[in-house]
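What follows is each chain in one-letter form.
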Amino acid sequence: MNRTALIACAALAALIPLVAGDYYINLSSQILIAAVFALSLNLLVGYGGLTSLGHAAYMGVSAYLSGWLFLKFGMGHLLSAPLAVLGTTLMAALFGLIALRASGIGFLMITLALGQVLWGLAFRWVSVTNGDNGLSGLTRPMPFGIDLTGAIPFYYFTLLISIVSIACIAAFSYSAFGAVLRGTRDQPRRMLALGHNVWMVRYVTFITAGFWSAVSGLLYVYYHKFIHPAALALTNSAEVLLMVIAGGTGTLVGPVVGAIVVILLKNYVSAFVERWTMLLGFVFLLIVLFMPDGLVPGFKRLWVRFARRHA
Amino acid sequence: MSAAMTQNAELALEVRGLRKAFGGLPATNDVSLSIAAGERRLIIGPNGAGKTTLFNLIAGDLRADQGSIKLFGEEVARLRTDQRAQRGLARTFQIITLFPRDTLAHNVVLAMLGLSPSRWDALRPLSRRRDLYEKARGVLARVGLESAAERPLAQVSYGEKRRVEIAMALAQNPRLLLLDEPLAGLSQEERQSVQALLAAIPRDITVIMIEHDMDTALSFAERITLLHYGKVIVEGTRAEVVAHPRTREVYLGA
């Protein structure tokens, strides 16, 4: 996606509160948060070829840290936000050392295991996490004294953070490092022979993905003003992986489209059907059957075929 | 002895007592090699003689069970593949190992990034690095592929891919270049063009080549090493090796 398209999308997104009510504005905030979360995972899955099934760990821990620092020490957001992101990024640096001993299915299993450990901790370490009750009574920040309680100011806050995050992730993927990362995905052995430290490239990416996931975790906890072990659950990791794969891995637009599809389905369908995850599974199955590389590349191909036929 | 000592300083590669076994089957069995700086060495041997295994041991893709590998006097046997590449070792692969979705120029840029600190640059767009792409086109011109620089690799012929393999190695300005069957699968005309390309490699690059095409290989190399069952059977000048009875026995099949 080029810069003008990105700016056009951002401008359109900025217009949403002018035409939509609070429900849709909040839905849009959720989509933006999920989009940043999915894009952070896409760094690993799409560009690095490393499928993680434990990415909720970084979103959840960052959210928990932010809440815990406030409840335990009464820490303000100006301090707790960078600390939460820093703590989570350090955790990614530690987990990366363990997970990157493998690639492929081994990597997936290790990330899954690490995620499950944290999920278990969130349930059992009651003195810190308040167990199944979660941490409640949290607040939203007030940047420059602006009250973010309402749907509209919070949406613009989320939009701003999302745009900055997406721009940074885009820069990362277009950079020399991004090209090297894709190289390690396609031909790791050749990259080694060319002098690239494949492990280090993957490790740096793992930490970067953890960092942006932590940023989405902050937005997540600000939105809900509450954090529960469910945020660390396997279903959350699976859901974000679904967004990336359904939208199209290794593209910038794909995970955003995936986030839109999953969040809309979740919100609309769950109002009518209790087993909305079953429908999500169906949709995913259809995507995999008919557009195995995701919606964005799939529709792009359809469009090219259509344009050729009508040229 | 003293003559050998003084010569050591000029050795591009010195391999001593190298061993590698796969589940008890020795693929490289006590191999020792000395290759002078600037030399053109040919490694021959029947299928399964351990030629590619030897390359993988030298390049670092495989770890030796025993033995030492000195690259320009420095022991590298315990270094990773990428660390050896940083020290001036480049190679091509017998089975083409390139980036099919990217353009030829991008393939070469990835090779140049391998030895450039820019590879850690995660902010500036790579497409703006005109300097790198300009240089990549220059390298592609050296192998006669300048006009195809912007084409995706998947769209060029097999022979052209072989030349991209060589271009990527040359782009790194290596001190020691390992060529693993650079002529495999090429037509007669393609062979001649690649042969000319190999002959044009500057003398400050030491070249070790595995090749089956004897005509090309023999005209290229000054010294030849014959491997058989992971062992060095014969080593010497072109004439010596060709005339050696063991060569006829195991390789030329005469």
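Residues numbered from 1 in each chain as written. Chains lettered and ligands numbered in written order. Predicted model: local features only at pLDDT ≥ 70, side-chain atom pairs only at ≥ 80, totals over all residues.

### With respect to the overall build of chain B
When helices and strands are counted, chain B shows 10 helices and 10 strands. For 254 residues, the compact-globule formula gives about 18 Å, and the C-alpha radius of gyration of chain B, at 19 Å, lands near that figure. In terms of overall dimensions, chain B has a C-alpha envelope of 55 × 40 × 40 Å along the principal axes. Residues classed as buried in chain B amount to 44% of the 254 residues present. Contacts in chain B between residues at least 24 apart in sequence constitute 67% of all its contacts with a sequence separation of at least 6. (Helix = DSSP H or I, 4+ residues; strand = E, 2+ residues; numbered from the N terminus. Rg over C-alpha atoms; globule rule 2.2 N^0.38 Å. Buried ≥ 20, exposed ≤ 12 C-beta atoms within 10 Å, placed from the backbone. Contact = placed C-beta atoms within 7 Å.)

### Brief notes about the overall build of chain A
Across its full length, chain A carries 14 helices and zero strands. Secondary structure elements of chain A, listed N to C terminal, follow the sequence α-α-α-α-α-α-α-α-α-α-α-α-α-α. Whereas a compact globule of 311 residues would reach a radius of gyration of roughly 19 Å, chain A reaches 19 Å, a difference of no more than 12%. Along the longest, intermediate and shortest principal axes, the C-alpha atoms of chain A span 60 × 50 × 40 Å. Taking all 311 residues of chain A together, the buried fraction comes to 48%. Partitioning the intrachain contacts of chain A with sequence separation of at least 6 by distance along the chain shows that 74% fall at a separation of at least 24.

### A word on the pairing of strand β8 (residues 206-210) of chain B
Residues and elements named next belong to chain B. In terms of burial, β8 is a largely internal element, five of the five residues being buried. The pairing of strand β3 (residues 40-44) with β8 spans four bridges and is parallel. Along β8, the bridge assignment pairs Arg-40 with Val-207. Here strand β7 (residues 176-180) runs beside β8; their pairing, made up of five bridges, is parallel. Bridging from a neighbouring strand, Leu-176 pairs with Thr-206 of β8. Remark: the β7/helix α7 (residues 188-199)/β8 crossover connection has right-handed handedness. (Pairing = 2+ DSSP bridges. Right-handed = clockwise from strand over helix to strand, strands pointing away.)

### A closer look at the nonpolar core
Counting 156 residues, the largest nonpolar core has Val-108 and Ala-167 of chain B as its most contacted members. At 15 residues, helix α2 (residues 22-47) of chain A tops the list of elements feeding residues into this core. Taken together, domain 1 (1-88 + 175-192 + 201-254) and domain 2 (96-173) of chain B each give at least three residues to this core, which thus spans both. The residues touching Val-108 of chain B, leaving out its near neighbours within four places in the chain, are Ala-136, Val-139, Leu-140, Ala-167, Met-168 and Ala-171 of chain B. (Core = buried A, V, L, I, M, F, W, Y, C linked by C-beta atoms within 7 Å. Domains from an automatic or database assignment.)

### Some words on the packing of helix α4 (residues 77-99) of chain A against helix α10 (residues 198-224) of chain A
Residue and element names in this part refer to chain A. Taken N-terminus to C-terminus, the directions of α4 and α10 make an angle of 145°; their axes are 8 Å apart at the nearest point. Seen along the crossing, α4 lies across α10 with a hand that is right-handed. Where α4 abuts α10, its residues Ala-81, Ala-84, Val-85, Thr-88, Thr-89, Ala-92, Ala-93, Gly-96 and Ala-99 lie against Tyr-203, Phe-206, Ile-207, Gly-210, Phe-211, Ala-214, Val-215, Gly-217 and Leu-218. (Axes fitted to C-alpha atoms, helices over the stretch in contact; angles between N-to-C directions. Left-handed = near helix turned anticlockwise from the far one by under 90°.)

### Quick look at the confidence of the model for chain B
Per-residue confidence for chain B gives a mean pLDDT of 89, with 95% of residues at or over 70. We note a pTM of 0.92 for the whole complex and an ipTM of 0.90 for its interfaces. (pLDDT = per-residue confidence, 0-100.)

### Brief notes about the packing of α2 of chain A against α10 of chain A
Between two packed helices, the angle of one axis relative to the other and the distance separating the axes together describe the packing. Residue and element names in this part refer to chain A. Following both chains from N to C, one finds α2 and α10 inclined at 165°, their axes separated by 8 Å at the closest point. By the criterion of interaxial angle, the relationship of α2 to α10 is roughly antiparallel. The crossing of α2 and α10 is left-handed. Across the interface between the two elements, Ser-29, Gln-30, Ile-33, Val-36, Phe-37, Leu-39, Ser-40, Leu-41, Leu-43 and Leu-44 from α2 touch Thr-205, Phe-206, Thr-208, Ala-209, Trp-212, Ser-213, Val-215, Ser-216, Leu-219, Tyr-220 and Tyr-223 from α10. (Parallel < 35°, antiparallel > 145°, perpendicular 65-115°, else oblique.)

### Considerations on helix α5 (residues 104-124) of chain A
Residue and element names in this part refer to chain A. A rise of 1.5 Å per residue sets the reference length of α5, with its 21 residues, at 30 Å; its end C-alpha atoms lie 31 Å apart and thus fit the reference within 8%. Along α5, the residues classified as buried are Phe-107, Thr-111, Gly-115, Leu-118, Trp-119 and Ala-122. Down the axis of α5, the smallest arc covering the buried residues is 105°, so these residues share one side. Turned more than 90 degrees off the buried face of α5, the exposed positions are Ile-105, Gly-106, Gly-120 and Arg-124. (Expected span 1.5 Å × (residues − 1). Arc of directions from axis to C-beta.)

### Some points on the interface of chain B and chain A
Facing the 25 residues of chain B at the interface are 19 residues of chain A. Mapped by element, the contributors of at least two residues to the side of chain B that touches chain A are α3 (81-86) and α4 (104-113) of chain B. For the side of chain B that touches chain A, the element with the most residues is α3 of chain B, which contributes four residues. Its residues assigned to classes, the side of chain B that touches chain A comprises 12 nonpolar, six polar and seven charged. (Nonpolar A, V, L, I, M, F, W, Y, C, P; charged D, E, K, R; others polar.)

### Observations concerning the sheet that holds strand β6 (residues 89-91) of chain B
Residue and element names in this part refer to chain B. Taken together, the six strands give an open sheet; going across it, the order is β6-β7-β8-β3-β9-β10, and neighbouring strands pair in mixed fashion. The sheet is open, and its two borders are formed by β6 and β10 (231-237), each paired with just one other strand. Between one strand and the next, the sheet's axes are offset by a mean angle of 20°, whatever the strand orientation. In the packing of helix α2 (residues 51-59) onto the sheet, the strands contacted are β3, β6, β7, β8 and β9 (223-228), and the crossing angle to β7 comes to about 150°.

### Notes on the environment of Thr-247 of chain B
Along the polypeptide, Thr-247 of chain B turns up in helix α10 (residues 245-252). Taking the C-alpha atoms as reference points, Thr-247 of chain B and Gln-192 of chain B, 55 residues apart in sequence, are found 26 Å from one another.

### A short note on helix α8 (residues 176-186) of chain A
Most of α8 of chain A is tucked away: 10 of the 11 residues are buried. Of the positions making up α8 of chain A, those classed as buried are Ala-176, Phe-177, Gly-178, Ala-179, Val-180, Leu-181, Arg-182, Gly-183, Thr-184 and Arg-185 of chain A. Lining the buried residues of α8 of chain A we find α2, α7 (151-174), α9 (188-193) and α10 of chain A together with α4 of chain B.

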